[in-house]
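# Structure assessment
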Amino acid sequence: MTYPTQPEASHFVNGQYMEDDTGTPLPVIYPATGEKIAQLHEATPKVLDAAISAAEAAQKEWAKLSGMERGRVLRRAADIMRERNHDLSVLETMDTGKPYQETSVADATSGADALEYFGGLAASLTGEHIPLPGGDWAYTIREPLGVCAGIGAWNYPTQIACWKAAPALACGNAMVFKPSETTPLSALKVAEILMEAGAPAGLFNVVQGKGGVGAPLVTDPRIAKVSLTGSVPTGRKVYAAAAEGMKHVTMELGGKSPMVVFDDASLEDAISGAILGNFYSTGQVCSNGTRVFVHKSIKEAFLARMAERLKDAVIGDPLDEATSFGPMVSEAQLQIVLGFIEAGKSEGARLVTGGNRIDKPGCWIEPTVFADVTDDMTIAREEIFGPVLSVLDFEDEDEVIARANATPYGLSAGVYTRDLQRGHRVIGQLQAGSCFINSYNDAPVEVPFGGVKASGVGRENSKEAIAHYSQVKSVYVRMGETEAPF
Ligand SMILES: NC(=O)c1ccc[n+]([C@@H]2O[C@H](COP(=O)([O-])OP(=O)(O)OC[C@H]3O[C@@H](n4cnc5c(N)ncnc54)[C@H](O)[C@@H]3O)[C@@H](O)[C@H]2O)c1
Ligand SMILES: O=CCc1c[nH]cn1
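About the thresholds
- Residues numbered from 1 in each chain as written.
- Chains lettered and ligands numbered in written order.
- Predicted model: local features only at pLDDT ≥ 70, side-chain atom pairs only at ≥ 80, totals over all residues.
- Helix = DSSP H or I, 4+ residues; strand = E, 2+ residues; numbered from the N terminus.
- Rg over C-alpha atoms; globule rule 2.2 N^0.38 Å.
- Buried ≥ 20, exposed ≤ 12 C-beta atoms within 10 Å, placed from the backbone.
- Pairing = 2+ DSSP bridges.
- Axes fitted to C-alpha atoms, helices over the stretch in contact; angles between N-to-C directions.
- Contact = placed C-beta atoms within 7 Å.
- Expected span 1.5 Å × (residues − 1).
- Arc of directions from axis to C-beta.
- Near = placed C-beta within 6 Å.
- Nonpolar A, V, L, I, M, F, W, Y, C, P; charged D, E, K, R; others polar.
- Right-handed = clockwise from strand over helix to strand, strands pointing away.
- UniProt positions renumbered as here; feature names shortened; annotations may be inferred.
- Domains from an automatic or database assignment.

### Considering the overall build of the chain
A tally of regular secondary structure across the chain gives 16 helices and 20 strands. Taken over C-alpha atoms, the radius of gyration comes to 24 Å for the chain, in line with the 23 Å a tight globule of 486 residues would show. Dimensions of the chain, computed from C-alpha atoms along their principal axes, come out at roughly 75 × 60 × 40 Å. Going through the 486 residues of the chain one by one, you find that 53% of them count as buried.

The following block contains the structure:
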C-alpha cells in the first residue's frame, strides 16, 4: 500500500496528535483487500480526560469570540478541505471501501459544505428584542451549551464529523468526537484542518475507541450535549445515559424507509432512485429506501429493467475512478448482510439477482434484489445496511401509505409519480423526517436531516441544527419600580 494511511498517533487532543499505546489495539482494515492499513489504540481514561479538559478550556475562550470571528475559522477550514479533496477522498475510500467516484463528491465536499454553511450563519446567531406592557422589555441571548460529544457511524466518517462539528463550533461550543472504531482515520484530518484554519487548540478533539470509550464520554459531567449517529439499539442506550445527566441530545439513527413507485412514474427515474437508495455506498446509507413498493401493474417491467441496469455497475478497485460499486465496510457487516439474504430466501422471497459473496479477498457482495417480499418478512422489517433491495407489490394508495408507515422507524420516505398532487398528498401522510418526491437520498446542508419515531431525535444541517447546539437565555428588563404585594 503506497498511500500514507498510518496517522502520526491515534488521537488528536489539545491541538496535537496524542498516543497512549497502553490502550487496546485498534487495527484499521482496507475493506477492498482485507489488508491492515493502520494500527491505532483505543483511548484510555487518561486520553479521554485530557480531551474533555482541553475542550472545556478551549470552549471558554472560543465562546468569547464574535460569531463573525468564529465563522471565519470555519469558512477557512471549508476552503482547506476543498483544496485537499483528492487526498481526503482517497483516505476516505481506504477507511470505508467506498469508491473514489463517490468519496470525491460526497464526503469531504459535504463536510466542507457544512463548515461553509455554518461558518456563514455564525454571525447571524443573535437574540430577540421583545417589547412588553408599560415600557418594560426583554431580550434573548443565544448561548452555547458547552462541550459537546460527537459519536459517529462508519458509513460517512468525514461527513458525520463535520455535520456535528460545524454547527456545534458555530454556536460557540467545543467538541470531543469519537469516530466509529471501524473508520477512525478521517476525523483526525478534520481536526488537523480545523487547527490549521485557526481554531484554538482543544476546540475539536478526536478520541478513538469502541462503545467502551463512547459510554464514559457520554456520562462525563463536563459534557453538555451528545450527538450520536448510529443504530437504534445504540441510540436507546446513549439517549438513556444522556438523560441521566439531563443532557441535550441529537440522535441520528437507523431506518427501514419506504420508496413508493406509482404506475404513472417514469420507470427510468424510479429505477435510478431505487439504485441510489439501495446500492450507493454499497447500501450503507441510513436513509436508504429499502422497502420499494412498486405498483403491481409495473412490477415485472421494473424488475426486468432493474436487473439490466445492475449489469452496468462497475465492481472493482475502489480507487479506480470508473468503479461505481465497492465492498462492504467490514467482514462483520458482510456476515450480517449474508444472514439477511439467507432469511429472505428461507422466508420465501424471490431472488431476482445477486445474493452471493464475491469470491475475492476483502468484503465483497453482489448487489441483490428480492421480489415478492411481504410485510412480515425479516428483510422487510429489519434494517439490513447493505446492498439488498426488496420489492413489495401494492395496488392502492391508502393501502400503500398504511403499509409504508407500519414500521417503528421513520427516517426517510420517497414517492415516484408524475401526478404532483398525488406526490405531495402521499408524502404528507408518510411518517418520516427526510422525504423525497421523484428523487432519493439527496442530503444538501441547507435542508434539515433527521428522523421521526425510532429513527431519531433532533435535526442535523440547515438552520434547524442551531437550536440543537445552543440554548436561549431570556432577560426581563423592568423600566419602572418593582412592585410587590407587601
Ligand atoms: N440517521 C443518520 O443520520 C445515520 C447516518 C449514518 C448511519 N446511521 C446508522 O448507523 C448504523 C450503522 O453504524 P454503526 O454500525 O457504526 O452503528 P453503531 O450503533 O454500532 O455505532 C455507532 C457509534 O456508537 C458507538 N457506541 C456503541 N455503543 C456505545 C455506547 N454504549 N455508548 C456510546 N457510544 C457507543 C460506536 O463505537 C460507534 O462509534 C445504522 O443503523 C445506520 O442507519 C444513521
Ligand atoms: O447515512 C446517512 C446520512 C446521509 C444520507 N445521505 C448522505 N448521507
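Next comes the rest of the description.
### Regarding the sheet that holds strand β5 (residues 129-131)
One open sheet holds the three strands; their spatial order is β5-β6-β20, and the pairing between them is antiparallel. Pairing within the sheet leaves two strands with one partner each, and these edge strands are β5 and β20 (470-477). Within the sheet, the average angular offset between the axes of one strand and its neighbour, ignoring direction, is 25°.

### A look at the sheet that holds strand β12 (residues 258-261)
Read across the sheet, seven strands follow the order β14-β15-β16-β13-β12-β17-β18 without closing on themselves; strand pairing throughout is mixed. Each edge of the open sheet carries a strand with a single partner, namely β14 (350-353) and β18 (434-437). Adjacent strand axes in the sheet meet at a mean angle of 20° when their direction is disregarded. With four bridges connecting them, β12 and strand β13 (residues 291-295) associate as parallel partners. Bridge pairing in β13 links Val260 to Phe293. Strands in contact with helix α10 (residues 267-276) are β12, β13, β16 (388-394) and β17 (412-416); relative to β17, the strand with the most contacts, it is inclined by about 165°. With respect to the sheet, helix α12 (residues 331-346) is in contact with β14, β15 (368-371) and β16, its orientation differing from that of β16 by roughly 30°.

### With respect to helix α9 (residues 232-244)
Relative to the 18 Å expected for 13 residues at 1.5 Å per residue, α9 spans 18 Å between its end C-alpha atoms, a close match to the ideal helical length. Residues of α9 that are buried include every one of Val232, Gly235, Val238 and Ala242, and no others. Considered in projection along α9, the buried side chains sweep an arc of 120° and stay on one side of the axis. More than 90 degrees from the buried face of α9, the exposed residues found are Pro233, Ala240 and Glu244. Elements in contact with the buried residues of α9: α8 (211-219), β10 (223-229) and β11 (248-252). Looking one or two places after α9, you find Met246, whose phi comes out positive at around 55°.

### Some thoughts on the site of ligand 1
Lining the immediate environment of ligand 1, one finds 29 residues, of which Gly211, Gly214, Gly230, Thr234 and Gly254 sit closest. Among the secondary structure elements, those contributing two or more residues to the shell around ligand 1 are α8 and α9. With four residues, the single largest contributor to the shell around ligand 1 is α8. Split into classes, the residues belonging to the shell around ligand 1 amount to 10 nonpolar, 13 polar and six charged.

### A look at unusual backbone geometry
For Phe385, which is not glycine, the phi dihedral falls at a positive 60°. Locating Phe385 in the fold gives a position in the loop between α13 (378-381) and β16. The class for Phe385 is buried, based on 26 C-beta atoms found within 10 Å. Positive phi values are uncommon outside glycine, yet Asn441 reaches one of about 75°.

### Points about the pairing of β17
Of all five residues in β17, five are buried; the element is thus mostly enclosed. Residues Ser412, Gly414 and Tyr416 line one face of β17 and the alternating positions Ala413 and Val415 line the opposite face, and both faces are buried. Judged from the three bridges that link them, β12 and β17 form a sheet pairing that is parallel. Counterpart to Val261 in the pairing with β17 is Tyr416. As paired strands, β17 and β18 are joined by four bridges and run parallel to one another. When the sheet's bridge partners are listed, Gly414 is paired in β18 with Phe436. Regarding the hand of the β-α-β motif, the stretch spanning β17, helix α15 (residues 420-429) and β18 is right-handed.

### Description of the UniProt feature "active site" (unreviewed entry) in the chain
Per the UniProt record, the feature "active site" (unreviewed entry) sits at Glu252. Residue position: Glu252 is located in strand β11. A tally of 27 C-beta atoms within 10 Å means that Glu252 is categorised as buried.

### Details of the pairing of β12
Of the two faces of β12, the one lined by Pro258 and Val260 and the one lined by Met259 and Val261 are each fully buried. Read from β12 through α10 to β13, the crossover connection turns out right-handed.

### Focus: the site of ligand 2
Neighbouring residues of ligand 2: Asn155, Tyr156, Gln159, Val285, Cys286, Ser287, Asn441 and Ala443. Grouping the constituent residues of the shell around ligand 2 by class yields four nonpolar, four polar and no charged. When residues of the shell around ligand 2 are assigned to domains, at least three map to each of domain 1 (11-254 + 455-473) and domain 2 (258-437).

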